[in-house]
Amino acid sequence: MARPFDVRRQRGFTLIAAFCFALLYLPIAVLVVYAFNAGPSLSRWEGVSLRWFVAAANNAQVIEASIRSLQIAVSAAVVATAAATLAALATTRTPPYRGLTTTYAAINLPLMVPEIVTAVALLIVFARIKMATGYTGLGYLIAAHTAFCIPFAYLPIRARLEGMDLNLERAAADLYATPLRTFRHVTLPLLWPGILAGFMLAFVISLDDVVITEFVKSGGQDTLPTYMLGQLRRAITPEMNAISTVFLALSIVVVTVFFLVSRKRD
Amino acid sequence: MMASDSIAIENVSKIFGSGDAKVAAVDGVHISIRKNEFFTLLGPSGCGKTTLLRLIAGFEFPTSGHILLDGTDVSDTPPFRRPINTVFQNYALFPHMTVEENIGFGLKMLDRPKAEVAARVAAMLRLVRMEALAGRRTNQISGGQQQRVALARALAPAPKVLLLDEPLSALDYKLRKEMQIELKRLQAETGITFIFVTHDQEEALTMSDRIAVMAAGKVLQVGTPREIYDAPANRFVADFIGESNILAGTVEAVAGGVASVRLAAGGRMEAVAPDGASTGPASLLVRPEHARLAAAAGAPAGALVGTLADAVYFGTDTHFHVRLADGTDFTVRQQNRPAGEAAFAVGEAVAVVVEPRAARLLGEDQPRGAVP
Amino acid sequence: MSAAAEAARAREVRSRRLLALPALVILALAAIGPLLVVFVYSFLTPGPYGDVVWTFSTDAWTSVFLERDIFDDTLSLADAHMAIFARSVMLALATTVLALLIGFPTAYFIATRPERTRELWLFLVTVPFWTNILIRTFGMLEIIRNEGLINTVLGNLGLIEQPIQMLFTDGAVMAGMLYVYLPLMVLPLYASLDKLDFRLVEAGYDLYATPFRVLTRIILPLVRPGMIAGSILVFIPALGAYVTPRVLGGGKTMMFGTLIELQFGQGRNWPLGAALSITLMALVMVALLVYVRHAGREARHG
């Protein structure tokens with residue numbers, strides 16, 4: 001018997017969606033499963049073991065790269081979020097003024113430039129500065145990451161601000177709050193979820209970056225992604241899977257928090 | 001400005017935009033609002049009433065003119081230095097604070113001692129009967145309760161003037177009626193000047209001490225509800241407040257406040273004339289409830305004659321639409337009596353009898369007290 | 001405007017400009033400024049060990065499109081570069097079309113779930129999006145390499161004797177990019193479909209449209225902005241992709257991204273790399289212009 005007519009149904013769409021989710025998760029699933037392989041192969045299963053996680057944890061290079069990744073991601077995300085918050089306050093809920101469009105374009109530009117082009121541009125400029133100053137520290141990577149994180153941090157903060165009722169700040173002013181106190185007692189507390197979301201976006205974007213880091217880093221400044229990229233050229237062991245699995249778990253935690261924070265609307 | 005004035009608005013204009021896109025949202029408004037008065041700004045949407053309210057609150061600054069509070073010019077004073085508080089249309093309650101924190105916010109910003117704030121908040125909660133919900137978040141209470149919190153929050157700092165921007169429009173009919181009574185009670189208890197903005201004429205008529213009718217940025221008439229209804233200054237006010245029949249005619253003579261008018265629909269009618277009325281073409285206002293229908297045969301002298309075009313039954317009364325000789329539609333509203341009364345049939349010739357002193361000569365459609 | 005209002009406005013604009021300043025300085029130093037330097041470098045002469053010599057030259061730009069014959073010095077179209085450009089564009093286009101064909105039904109599927117489960121499905125699309133691109137590419141690598149999942153399964157089933165060579169082909173690069181960029185297609189499509197008023201679909205059925213015609217005449221036109229946005233979001237990074245072609249494509253299937261990298265590595269021709277980067281930027285700008293024009297037309301219609 002034919003099933004009752006459903007206006008939302010389109011023939012075959014569910015099947016394609018199933019394929020899509022399989023495509024999205026199969027590679028990740030295989031990756032995670034073989035991280036627990038007892039043997040050294042990525043294709044022959046030899047039983048469950050945590051040996052590759054142990055190996056990764058004892059690999060000084062991995063630990064060093066992880067710490068460096070976190071250092072860069074935290075620094076870049078903090079600075080980018082602070083700058084993006086101020087920029088969002090400057091560019092939302094205002095009648096147009098001279099410089100507004102330019103500011104807006106400048107903030108969004110990094111989203112439109114292919115990563116490889118930004119990477120090359122930074123390589124060129126930072127190479128000059130390294131030669132001129134002799135400084136080869138992490139500053140270059142942090143500066144580069146901060147710049148490309150700004151538009152990502154800006155997005156949720158701007159969205160939050162634009163969804164905010166201007167009348168709330170008017171009400172505060174009406175109730176004798178000076179502009180500074182209005183910001184502290186009304187604007188900032190209401191903006192907070194947006195700032196948090198922006199920070200987490202920036203953090204993940206920085207943590208995930210491969211291309212720009214690969215071009216900008218000086219010798220011995222591998223982050224976890226560039227270390228992994230280097231390893232992919234050699235014979236791969238499940239240690240890579242173990243590292244990826246931990247990385248993946250971290251991403252999922254951050255995304256979950258991001259999802260919960262940005263979903264909360266009050 | 002008189003000593004009893006709370007707010008004086010002196011020739012205030014507010015122009016938005018520039019060049020060709022200039023719009024005068026408020027155009028040369030001149031009104032005085034007395035102490036402890038319930039004053040209503042009434043008009044269709046876009047008439048400038050909300051802009052005028054925002055000018056008084058300090059969210060906008062006038063392009064020209066002055067706003068005086070108790071005799072002091074506050075035109076350029078920012079809102080956080082004006083002892084005037086606002087109840088916003090959507091309440092604008094702070095979602096990240098509790099009911100209590102919302103009510104205490106103004107006093108906290110005024111750096112009042114903690115004990116005083118607490119006592120005042122408690123008093124306000126009692127005043128609006130919200131003691132039980134003091135600790136709730138504002139998104140956990142109903143629309144009517146939010147309304148009360150907004151009122152308490154605006155009243156807590158004991159402002160000299162309370163501004164209310166269509167505060168009842170979001171409530172359903174029954175709650176609106178309750179809040180209307182509540183607002184009148186609060187005004188009586190606090191003795192604060194209320195300036196109330198609405199587009200609802202019934203609300204304005206029932207609640208206000210005085211009403212200013214606005215259109216296109218201008219004040220057309222200021223008066224008590226009775227003055228506005230019975231003696232509208234012009235056709236716009238007559239049309240906007242209540243239902244009205246407008247008859248075209250020519251004034252032939254004016255004597256002792258009564259004009260003798262020859263009607264375009266035929267016949268002649270005596271009408272109450274405002275001061276300074278003169279002879280010439282004019283419009284007459286007759287409210288639908290101030291006329292009754294009679295059989296065409298044997299109608300009294302001076303009655304209007306026409307054809308009954310339609311009769312619409314409303315339960316308490318019936319609206320008869322009569323087409324007069326010159327094509328004007330005239331509505332008669334007649335209370336329904338116990339069954340058995342002779343009914344009029346649609347298409348029948350009928351007479352409309354206007355009660356004595358019910359017709360009123362309307363002024364020109366010029367705003368009063370404003371320079372065009 | 002009154003003097004007070006004007007002064008207040010001027011103060012506000014000044015403080016707004018000040019607030020935007022930190023972000024603008026960072027972007028100028030580490031994003032926009034360097035792009036201008038790339039432009040300058042494309043007109044210089046390559047240095048012997050990388051970097052540049054400060055002599056003006058248009059050689060880099062010439063060699064983007066043309067190549068000089070070693071023997072008779074005649075110029076001809078740079079076949080190698082042209083092939084790489086063409087491959088990049090074709091692979092990016094194919095990736096976009098496939099992502100649309102898979103992404104649309106998926107977004108539709110999510111948008112038609114009950115309210116309670118919809119967020120979960122959306123979350124499932126978001127997780128891969130936030131997962132490191134390298135990890136995902138690595139995952140794909142494990143699926144398609146000679147000892148990977150597909151070949152192992154087919155081999156164990158006895159369907160093949162020799163592993164199928166999938167790695168280091170154009171197909172591998174495309175599969176990798178499809179996998180990596182698919183969420184970028186699904187998310188904007190979902191945003192469009194989520195706003196779709198299903199009463200319009202009901203109206204279509206009421207007026208005798210078949211399900212297919214409802215899809216093509218009602219749903220697709222209404223979510224066109226989402227389709228265009230998703231296509232742009234996939235096409236642009238695919239065109240400039242670097243990680244995926246490097247890991248899955250190998251040396252023979254070079255794309256724009258890997259070609260640029262080559263000039264800064266073994267090629268030691270920074271000006272050429274700079275000129276290629278500008279060329280890539282120009283292609284991206286063309287794609288964006290097409291998008292803006294479409295989006296503009298959309299706005300006028302609706």
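Rules behind the numbers
Residues numbered from 1 in each chain as written. Chains lettered and ligands numbered in written order. Predicted model: local features only at pLDDT ≥ 70, side-chain atom pairs only at ≥ 80, totals over all residues. Helix = DSSP H or I, 4+ residues; strand = E, 2+ residues; numbered from the N terminus. Rg over C-alpha atoms; globule rule 2.2 N^0.38 Å. Contact = placed C-beta atoms within 7 Å. Buried ≥ 20, exposed ≤ 12 C-beta atoms within 10 Å, placed from the backbone. Nonpolar A, V, L, I, M, F, W, Y, C, P; charged D, E, K, R; others polar. Pairing = 2+ DSSP bridges. pLDDT = per-residue confidence, 0-100. Axes fitted to C-alpha atoms, helices over the stretch in contact; angles between N-to-C directions. Expected span 1.5 Å × (residues − 1). Domains from an automatic or database assignment. Core = buried A, V, L, I, M, F, W, Y, C linked by C-beta atoms within 7 Å. Parallel < 35°, antiparallel > 145°, perpendicular 65-115°, else oblique. Left-handed = near helix turned anticlockwise from the far one by under 90°.

**Student:** Looking at this model, I keep getting lost on the overall build of chain A. Mind explaining?
**Tutor:** Helix and strand counts for chain A stand at 11 helices and 0 strands. In chain A, the order of α-helices and β-strands from amino to carboxyl end is α-α-α-α-α-α-α-α-α-α-α. Its C-alpha radius of gyration of 23 Å places chain A more than 25% over the 18 Å reference for a compact globule of 266 residues. Taken along its principal axes, the extent of the C-alpha atoms in chain A is 80 × 70 × 30 Å. In chain A, once contacts between residues fewer than 6 apart in sequence are set aside, the share between residues at least 24 apart is 77%.

**Student:** Just checking my understanding: could you explain the overall build of chain C for this structure?
**Tutor:** Helices and strands together make up the secondary structure of chain C, namely 13 helices and 4 strands. Once the C-alpha set of chain C is aligned to its principal axes, its extents read approximately 85 × 75 × 35 Å. Out of the 302 residues in chain C, the part that is buried amounts to 42%. Residue pairs at least 24 apart in sequence account for 68% of intrachain contacts in chain C once pairs closer than 6 positions are excluded.

**Student:** Whenever I open this one, the interface of chain A and chain B confuses me. Can you help?
**Tutor:** Note: interface size is frequently given as the accessible area lost on complex formation between the parts. Tallying the contact residues gives 16 residues for chain A and 19 residues for chain B. Contributing elements (two or more residues each) for the side of chain A that touches chain B: α7 (166–174) and α8 (179–208) of chain A. Looking at the side of chain A that touches chain B element by element, the count peaks at 6 residues for α7(A). Along the lines of polarity and charge, the residues of the side of chain A that touches chain B split into 9 nonpolar, 2 polar and 5 charged.

**Student:** Can you walk me through the pairing of strand β3 (residues 38–42) of chain B in this structure?
**Tutor:** Residue and element names in this part refer to chain B. Extensive coverage of β3 is indicated by the burial of 5 of its 5 residues. Bridge count for β3 against strand β8 (residues 193–198) is 5 bridges, and the pairing is parallel. The residue bridging leucine 41 from the neighbouring strand is valine 197, located in β8. Bridge count between β3 and strand β9 (residues 210–215): 4 bridges; the pairing is parallel. By the bridge assignment for β9, leucine 41 is matched with alanine 212.

**Student:** I would appreciate a short explanation of the confidence of the model for chain C in the present structure.
**Tutor:** Predicted coordinates in regions of low pLDDT should not be interpreted in detail. Per-residue pLDDT for chain C has a mean of 88; in total, 97% of the residues score no lower than 70. The least confident element of chain C is strand β4 (residues 75–77) of chain C, whose mean pLDDT is 76; the most confident is helix α3 (residues 79–111) of chain C, at 94.

**Student:** What should I look at first to understand unusual backbone geometry in this one?
**Tutor:** Glycine aside, residues mostly have negative phi, and peptide bonds are mostly found in the trans state. Although it is not a glycine, Arg129(B) sits at a positive phi angle of roughly 55°. Tracing the sequence through the fold places Arg129(B) in the loop between α3 (114–127) and α4 (143–155). Look at Arg268(C): it is not a glycine, yet its phi comes out positive at around 50°. If you trace the backbone, Arg268(C) turns up in the loop between α12 (256–264) and α13 (270–301). The exposure class assigned to Arg268(C) is partly exposed, which follows from the 16 C-beta atoms found within 10 Å.

**Student:** Mind showing me how you'd approach the sheet that holds strand β19 (residues 349–354) of chain B here?
**Tutor:** The strands making up a sheet associate through backbone hydrogen bonding, with each pair oriented either parallel or antiparallel. Residues and elements named next belong to chain B. Spatially, β15-β19-β16-β17-β18 is the arrangement adopted by the 5 strands of the open sheet, whose pairing is antiparallel. In this open sheet, the two edge strands, each paired with only one partner strand, are β15 (291–295) and β18 (329–335). The average undirected angle you get between the axes of adjacent strands in this sheet is 45°. Across 7 bridges, the pairing between strand β17 (residues 317–324) and β18 is antiparallel.

**Student:** Explain the pairing of strand β4 (residues 64–69) of chain B to me, please; I cannot follow it from the model alone.
**Tutor:** Residues and elements named next belong to chain B. Two strands pair when backbone bridges link them, and strand β1 (residues 5–16) and β4 are joined in this way by 5 bridges, in the antiparallel orientation. Residue pairing in the sheet places isoleucine 9 in a bridge with isoleucine 67 of β4. In the sheet, β4 pairs with strand β5 (residues 72–73) via 2 bridges, with the strands oriented antiparallel. Across the sheet, residue leucine 68 finds its bridge partner in β5, namely aspartate 73.

**Student:** Please explain the interface of chain C and chain A as it appears in this structure.
**Tutor:** Across the contact, 74 residues belong to chain C and 71 residues belong to chain A. Broken down by element, the side of chain C that touches chain A gets its largest block of residues, 19 residues, from helix α1 (residues 3–41) of chain C. Class assignment for the residues of the side of chain C that touches chain A results in 54 nonpolar, 12 polar and 8 charged.

**Student:** Which parts of the structure should I look at to understand the sheet that holds β8(B)?
**Tutor:** Residue and element names in this part refer to chain B. Read from one edge of the open sheet, 6 strands run β6-β7-β8-β3-β9-β10, paired in mixed fashion. Because the sheet does not close on itself, it has two edges, and the strands there are β6 (84–87) and β10 (218–223). On average, adjacent strands in this sheet sit at an angle of 20° to one another, irrespective of strand direction.

**Student:** Explain helix α10 (residues 224–239) of chain C here, please?
**Tutor:** End to end, α10(C) covers 22 Å across 16 residues, agreeing with the expected 22 Å (1.5 Å per residue, within 8%). Most of α10(C) sits out of view: 13 of its 16 residues are buried.

**Student:** Explanation requested: the domain arrangement of chain C in the structure shown.
**Tutor:** Each assigned domain of chain C is listed with its residue range as follows: domain 1 (1–31) and domain 2 (42–65 + 73–301). For domain 1 of chain C and domain 2 of chain C, the distance between their C-alpha centroids amounts to 38 Å.

**Student:** Any chance you could explain the nonpolar core here in plain terms?
**Tutor:** Generally speaking, nonpolar side chains in soluble globular proteins are found buried as a group. Counting 160 residues, the largest nonpolar core has Val120(A), Leu122(A), Ile150(A), Ala153(A) and Ala202(A) as its most contacted members. Among the elements that line this core, the one with the most residues is helix α7 (residues 170–194) of chain C, at 17 residues. Split by domain, this core shows at least three residues from each of two domains, domain 1 (1–31) and domain 2 (42–65 + 73–301) of chain C. Sequence-distant contacts of Ala202(A), that is, excluding residues within four places in its chain, are made with Ala76(A), Ala77(A), Ala80(A), Thr81(A), Cys149(A), Phe152(A) and Ala153(A). Core analysis: the second largest hydrophobic core is formed by 108 residues, Ala171(A), Tyr176(A), Ala215(B) and Leu220(B) among them.

**Student:** Which parts of the structure should I look at to understand the packing of helix α4 (residues 100–112) of chain A against α1(C)?
**Tutor:** Between two packed helices, both the angle of their axes relative to each other and the distance between the axes serve to describe the pair. Direction vectors running N to C along α4(A) and α1(C) enclose 45°, while the axes themselves pass 10 Å from each other. By the criterion of interaxial angle, the relationship of α4(A) to α1(C) is oblique. As for the relative orientation of α4(A) and α1(C), their crossing is left-handed in sense. From α4(A), Thr103(A), Ala106(A), Ile107(A), Leu109(A) and Pro110(A) reach across to α1(C), where they touch Ala20(C), Ala23(C), Leu24(C), Leu27(C), Ala31(C) and Ile32(C). In terms of residue class, the contact of α4(A) with α1(C) is made up of 10 nonpolar, 1 polar and no charged.

**Student:** What am I meant to see in the environment of Ile236(A) here?
**Tutor:** All names here are of chain A. Take isoleucine 236: it is sitting in the loop between α10 (224–232) and α11 (238–263). Taking the C-alpha atoms as reference, isoleucine 236 lies 25 Å from alanine 22; in sequence the two are 214 residues apart. Not counting chain neighbours up to four residues away, the residues in contact with isoleucine 236 comprise Leu42 and Gln231.

**Student:** How should the environment of Gly39(A) be read in this particular structure?
**Tutor:** All names here are of chain A. Mapped onto the fold, glycine 39 is located in the loop between α1 (13–35) and α2 (51–57). Once the C-alpha coordinates of glycine 39 and proline 238 are considered, the two residues, 199 residues apart in sequence, prove to be 8.3 Å apart. Those residues in contact with glycine 39 that sit more than four places away from it in its chain are Arg44 and Glu46.

**Student:** I'm lost on the packing of α4(A) against helix α6 (residues 139–162) of chain A in this one. Help?
**Tutor:** Residue and element names in this part refer to chain A. Here α4 crosses α6 at 110°, and the two axes come no closer than 8 Å. Our classification of the angle between α4 and α6 gives roughly perpendicular. Listed contacts from α6 to Ile107, Asn108, Pro110 and Leu111 of α4 are Ala147, Phe148, Ile150, Pro151 and Tyr154. Of the residues that constitute the contact of α4 with α6, the class distribution is 8 nonpolar, 1 polar and no charged.

**Student:** What exactly am I supposed to notice about the confidence of the model for chain A here?
**Tutor:** With 98% of its residues at a pLDDT of 70 or more, chain A shows a mean pLDDT of 90. Of all the helices and strands in chain A, α11(A) carries the lowest mean pLDDT, 87, while helix α3 (residues 60–91) of chain A carries the highest, 96.

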